[in-house]
Amino acid sequence: MAQQGSKSVKFHCSVCLDLLKDPVTIPCGHNYCMSCIEGHWDKEEPKGAYSCPQCKKSFILRPELEKNTMLAALVEDLKTSPEDVSCDVCTGKKLKAVKSCLVCLVSYCDQHLQPHYESSAFDKHKLVKPSKGLKSNICSTHNEVMKMFCHTDQQCICYVCCMDKHKHHVTVPVKDVRADKEKDLKMNLQEVQKKIQTRVEEGKVLEKEMEGIKLSADKTIEDSETIINELVSFIKEKGSNLEQQIKSQQKDEERRVKELQNKLEQEITELKRKEEELKQLSDTEDHTEFLLRYSMMSKLSEYTDSPSFKICQVKYFEDLQTALLEARENLKAFLSEEWRKITLTVRSVDVLLPQIEPKTRDEFLKHACQLTMDPDTVHKKLFLSNQNRTVSDNAPKPNIYPAYAKTDRFSIQQQVLSKESLIGPCYWEVEMKGRGLSVAVTYKNKDNLDQSDFGSNNNSWALECYGDYYKFRHNKIKTSLSGPLSSKVGVYVDPRAGILSFYSVSDTMALLHRVQTTFTEPLYAGLFVLYGLYCCCEVFCLTV
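Residues numbered from 1 in each chain as written. Predicted model: local features only at pLDDT ≥ 70, side-chain atom pairs only at ≥ 80, totals over all residues. Heavy atoms only, no water.

An unreviewed UniProt entry annotates the protein chain as Tripartite motif-containing protein 16-like of Oreochromis niloticus.

Next comes the structure, spelled out in structure tokens:
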């Protein structure tokens, strides 16, 4: 029977999951109930394409459906074989039983069942659908039908058991117990049916979600291609304009050089003529003739008019090349940061399914985010190093920060914000050396934050680490926390789910505090280094 049951899977419709009814075979070779595939295609008809629910092969024209008679016959045979109960009276080839008698404890085919209908001797017999479990109704001890139920032992028993082992137990007829159980069964059945309906409705919602995701993704891909092509065209246009400017400047400079060359050539010709005159005069032997000709000769300065230019190291367009290289690096850095934000927004895409919060450190590390501290926000008494991932209040050299960033810089509180916003589920760790540190998640409202440290306002949530105890702070309220002390703190935040959790991290992770709220603005990581006694600390923002 088990083998037959496994084969029957092949004759089930993948839409309704039941045995095929009026089976049809579509062009791709898959089989469905005629009503199921027609209903599926009726939904797809407005879209103008028809597909197979299993292999997704599309058909431009709606296929004509005809009943597969051979498959229908096989399904009919299947319906009468795996769960058949044989007649207990038949000899030789046993026929299919149509009824079982709970009194006789025998299953009958149509022929052998007739006496139950024709003879009054069987009037009190109870006929039910064919059952293979009749033998289980017999008491194994007394070989009697079990028509009683023992409430004390919660089991079915026979009448002899009532007088024997279960003599002093609470016993009732099984039909009375069934009446009570049927009430529970009815309630359970209603609850199951209600859940089925709920799940069906949820399935429809998820189906719409799938369609929405596909449409949105396709549209986004199309728009991204357009935007990227526009950016490429913009850069190419600027490059073409720059090329024209370079060529124009090249022509101007070459023209100037050509003018100087022509002037030099004229002067060289004149100087050579003068050179010849001077040689001839020098060869004159008559002193008087020499003096007369010399006095008539024009001065050298009257013939020379050298162009005014200095001989120096020529750079040509090297400065432009340097400027282009610098622009390239700046643009790459800018685009890399913008692309990081874009890819993070891709991670933040979420459907109606709930996000499962991580439990183990390996699960948390799957959400690890790369954080660096923003030098434009860091207080002047704090020092950033290790590519802006390490914060210390013990600077080895004076801090020199750009003047333009002074409006974003903390001037009162010794604090610093992350450069990156926290998009999607994020996890990071902070390792502390020394005592006196607040690890925070906050909105980027610098003016309000600078007036009070993290946790002392409703814009930030902070875990204070003092080496020997922890405190959670939010909106000026402090909560003392218990948990294993560690130099490393883990922070997990899911902005969309409104979850923020702080952990003590060592060989294991221990939850220190969990916040469930609604975040209304972009979130950033924050660090606060305490003044005074606990000022000797270093904080390592690990890019786990």
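A. Local environment of the layout of surface pockets. Taken as a whole, the largest pocket holds about 1,200 Å³ of empty space. Elements that contribute at least two residues to the lining of the largest pocket include exactly α2 (34–44), β3 (50–51) and α6 (174–282). Examining the composition of the lining of the largest pocket, we find that nine residues originate from one element, α6, more than from any other. By residue class, the composition of the lining of the largest pocket is eight nonpolar, six polar and nine charged. Lining the lining of the largest pocket are residues from two domains, each supplying at least three of them: domain 1 (23–79) and domain 2 (194–299). (1 Å grid on protein atoms, 1.4 Å probe; cavity = no way out; pocket = protein on both sides within 12 Å on 5 of 7 lines; lining within 4 Å. Points joined across faces, edges and corners; volume = space filled by probe spheres on them. Helix = DSSP H or I, 4+ residues; strand = E, 2+ residues; numbered from the N terminus. Nonpolar A, V, L, I, M, F, W, Y, C, P; charged D, E, K, R; others polar. Domains from an automatic or database assignment.)

B. Representation of a nonpolar patch on the surface within the structure. A grouping of Ile227, Ile228, Leu231, Val232, Phe234, Ile235, Leu331, Phe334, Leu335, Trp339 and Ile342 is seen on the molecular surface, where their side chains present a nonpolar patch of about 970 Å² in accessible area. For the nonpolar patch, the element with the most residues is α6, which contributes six residues. Following the sequence through the fold, tryptophan 339 ends up in helix α8 (residues 318–347). Its relative accessible area of 40% is what places tryptophan 339 among the partly exposed residues. (Patch = residues over 30% accessible without salt bridge, like charges linked within 9 Å, V, L, I, M, F, W, Y side chains within 5 Å. Areas by Shrake-Rupley, 256 points an atom, 1.4 Å probe, with all protein chains shown as cover. Salt bridge = Lys/Arg side-chain N within 4 Å of Asp/Glu carboxyl O. Buried < 20%, exposed > 50% of the residue type's maximum accessible area, 1.4 Å probe, protein only.)

C. Seen up close, the packing of aromatic side chains. Under the definition given, this model contains 11 aromatic pairs. For the ring pair tryptophan 41 and phenylalanine 59, a centre distance of 6.5 Å and an interplane angle of 75° mean the geometry is edge-to-face. Taken together, the residues tryptophan 41 in helix α2 and phenylalanine 59 in strand β4 (residues 58–59) connect sequence positions 18 residues apart. Given the relative accessible area of 0%, tryptophan 41 is considered buried. Plain terms: the ring middles of tryptophan 461 and phenylalanine 519 are 5.2 Å apart, the flat faces sit at 85° to each other, and that makes the pair edge-to-face. Of this pair, tryptophan 461 sits in strand β16 (residues 460–465) while phenylalanine 519 sits in the loop between β21 (509–516) and β22 (523–529), and the two are 58 residues apart along the sequence. Here tryptophan 461 falls in the buried class, since its relative accessible area comes to 5%. An aromatic cluster of at least three residues, connected via ring pairs, comprises Phe364, Tyr427, Tyr492 and Tyr503. Over the ring of tyrosine 524 we find lysine 444, and its NZ or CZ is 5.0 Å from the ring centre. (Phe/Tyr/Trp six-rings, centres within 6.5 Å; stacked < 30°, edge-to-face > 60°. Lys NZ or Arg CZ within 6 Å of the ring centre and 35° of its normal.)

D. Molecular detail of the pairing of strand β15 (residues 437–443). In terms of burial, β15 is largely enclosed, as seven of its seven residues are buried. Alignment of β15 against β16, held across six bridges, turns out to be antiparallel. The partner of valine 439 across the bridge, within β16, is leucine 463. In the sheet, β15 pairs with β22 via seven bridges, with the strands oriented antiparallel. When the sheet's bridge partners are listed, valine 441 is paired in β22 with alanine 525. (Pairing = 2+ DSSP bridges.)

E. The sheet that holds β16, seen in detail. If you trace the six strands from one edge of the open sheet to the other, you get β13-β22-β15-β16-β17-β18, paired in antiparallel fashion. Looking along the sheet, the strands with just one partner apiece sit at the ends: β13 (415–421) and β18 (477–481). Within the sheet, the average angular offset between the axes of one strand and its neighbour, ignoring direction, is 20°. (Axes fitted to C-alpha atoms, helices over the stretch in contact; angles between N-to-C directions.)

F. Spotlight on the pattern of salt bridges. Under the definition given, this model contains 22 salt bridges. Measuring nitrogen to oxygen at the nearest pair gives 3.5 Å for the salt bridge that ties arginine 62 to glutamate 45. Of the two residues, arginine 62 sits in the loop between β4 and α3 (69–79) while glutamate 45 sits in the loop between α2 and β3, which places them 17 residues apart along the sequence. Of the residues examined, glutamate 45 reaches a relative accessible area of 41% and is grouped as partly exposed. Among the ionic pairs, arginine 273 bridges to glutamate 277, the shortest N-O distance being 2.4 Å. Taken together, the positions of arginine 273 and glutamate 277, both in helix α6 and four residues apart, correspond to about one turn of that helix. Glutamate 277 sits in the partly exposed class, given a relative accessible area of 26%. Each of Glu270, Arg273, Lys274 and Glu277 takes part in salt bridges that share partners, so that together they form one network.

G. Here's a closer look at the pairing of β18. Direction of pairing for strand β17 (residues 470–474) relative to β18: antiparallel, over a ladder of five bridges. What sits directly across from histidine 474, in β18, is isoleucine 477. Between β17 and β18, which follow one another and run antiparallel, lie two residues, and asparagine 475 among them has a positive phi close to 55°.

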